[in-house]
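An overview of the molecular structure
Single-letter residue listing:
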Amino acid sequence: MTHRSATPVDDTAARGRAPLVFGGLPEAEGWALAPITSRDRVHFRTDRELPLAELRRDLPDGVTVSYDQGEGLYRVDGVPGTAPVLADWVRTWCAGHGTTTVGLRAETDVRRRAPRDLPPAFLDDLCRHYLPVSLKRLHRNASTLRLHVPDPDDLTQQVSEWILKAVGQFDEGKGVPFGAFLATQLSKWVHDLGRNAHGRTAADTEHRQQKAVAAFLAEHQRRPTEKELAAYMGQSVATLRRNSQTVATLNGLRNLQSLDGGPDATEVMLPDTAEAPDEIMGEAEQTLLSHALTAACAPEPGARPDQRAGQPNVLGWATWYLTTWGGQTKTQLSADLGTSVRNMNVHADRVERALRSRLAELVD
């Protein structure tokens, strides 16, 4: 099968030319065969992974479920008007299987299409066309992608999944070409890799600081001082220092593989011991527990980088460290980090399970 190719992802440059053809169908005709429709949706996470096959078998007629492994997010879709019923059904089903839902949220009038409803040849040809173009466009984000998806095969799979995700969200009725829509979404989803792995507040703080420093450099041809950067960002110096500590912690943890990974393992700098005085616990014990805590938050061996288990558990680490040695309550920390106490507890529980095992090994 052949199609007319376009070099950039944004195919608005192709106006006035013959339309792209995928699987023997002009692009507009392909979208018309599976138009985007409205549905009600329930989003939620859980404290443990659900048996998807069993969940799909038990779903009411006309209801579907998808699972975003990278985000650990489940999405249950039904016909319009069923959101409250679906939310109650999900809670009941999960409770009956010994699972607690986290952040369950019902949403109405979600416009989506199922990629599988498109003609197979059309979808296959479209994906094969946009995959290399998308990889080329994402070259500008190479450092971020290598950090989160270091394996080239995994990167190809991730981008393929993003293309399918864009297909499901693309609304052809808005007059924006699919290529332009895909380009916008790719930029968003690359940024979301950091937000999902390291916490929304920390990742956004780092992004804002980097943009401010780059803008100041472009304007003044030098790096800003602390006071200049604070003024440039419209913050107090105290706020800038607090945010810079968050970013410094993030940068240390994001490269963490394992404290026991051999001679080439990355060393992670813990916060200054002045933040955890010896009066709270002896220096040797503090070092031992800090070592165990950081190791408990490391990516699980063998887990894929795009999975939750394959990412450092930064929120869990911050929750444990700052409530144990930093003297903060979870309520205070929740406000500082811009996340819920429930979400902190989910990440902290993951740390606890790994920490128990880690401390048992150290005792032995």
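Our subject is the structure that appears above.
Residues numbered from 1 in each chain as written. Predicted model: local features only at pLDDT ≥ 70, side-chain atom pairs only at ≥ 80, totals over all residues. Heavy atoms only, no water.

Now for the side chain of Arg 113. Structurally, the position occupied by Arg 113 is in the loop between β6 (101–112) and α4 (120–137). Residue classification places Arg 113 among the buried residues on the basis of a relative accessible area of 4%. A distance of 2.8 Å separates a polar atom in the side chain of Arg 113 from the backbone oxygen of Phe 170. Beyond its immediate chain neighbours, meaning those up to four positions away, Arg 113 contacts Trp 31, Ala 34, Pro 35, Ile 36, Arg 39, Leu 118, Val 167, Gly 168, Phe 170 and Glu 172. (Helix = DSSP H or I, 4+ residues; strand = E, 2+ residues; numbered from the N terminus. Buried < 20%, exposed > 50% of the residue type's maximum accessible area, 1.4 Å probe, protein only. Polar contact = N/O pair within 3.5 Å; in protein donor to acceptor, adjacent residues only side chain to side chain. Contact = heavy atoms within 4.5 Å.)

Inspection of every chain in the model, using the stated rule, returns 13 aromatic pairs. Seen from their ring centres, Trp 31 and Phe 122 are 5.8 Å apart, and the 80° between their planes marks the pair as edge-to-face. Taken together, the residues span a long stretch of sequence, with Trp 31 in helix α1 (residues 27–33) and Phe 122 in helix α4 at a distance of 91 residues. Accessibility classification places Trp 31 together with Phe 122 in one group, the buried group. Aromatic pair Trp 31 and Phe 170: ring centres 4.9 Å apart, planes at 55°, arrangement tilted. (Phe/Tyr/Trp six-rings, centres within 6.5 Å; stacked < 30°, edge-to-face > 60°.)

Another aspect to go through is the side chain of Thr 319. Here Thr 319 is to be found in helix α12 (residues 314–324). Taking relative accessible area as the criterion, Thr 319 reaches 1% and is therefore assigned buried. Aside from chain neighbours lying at most four places away, what touches Thr 319 is Lys 330, Leu 333, Met 344 and Ala 348.

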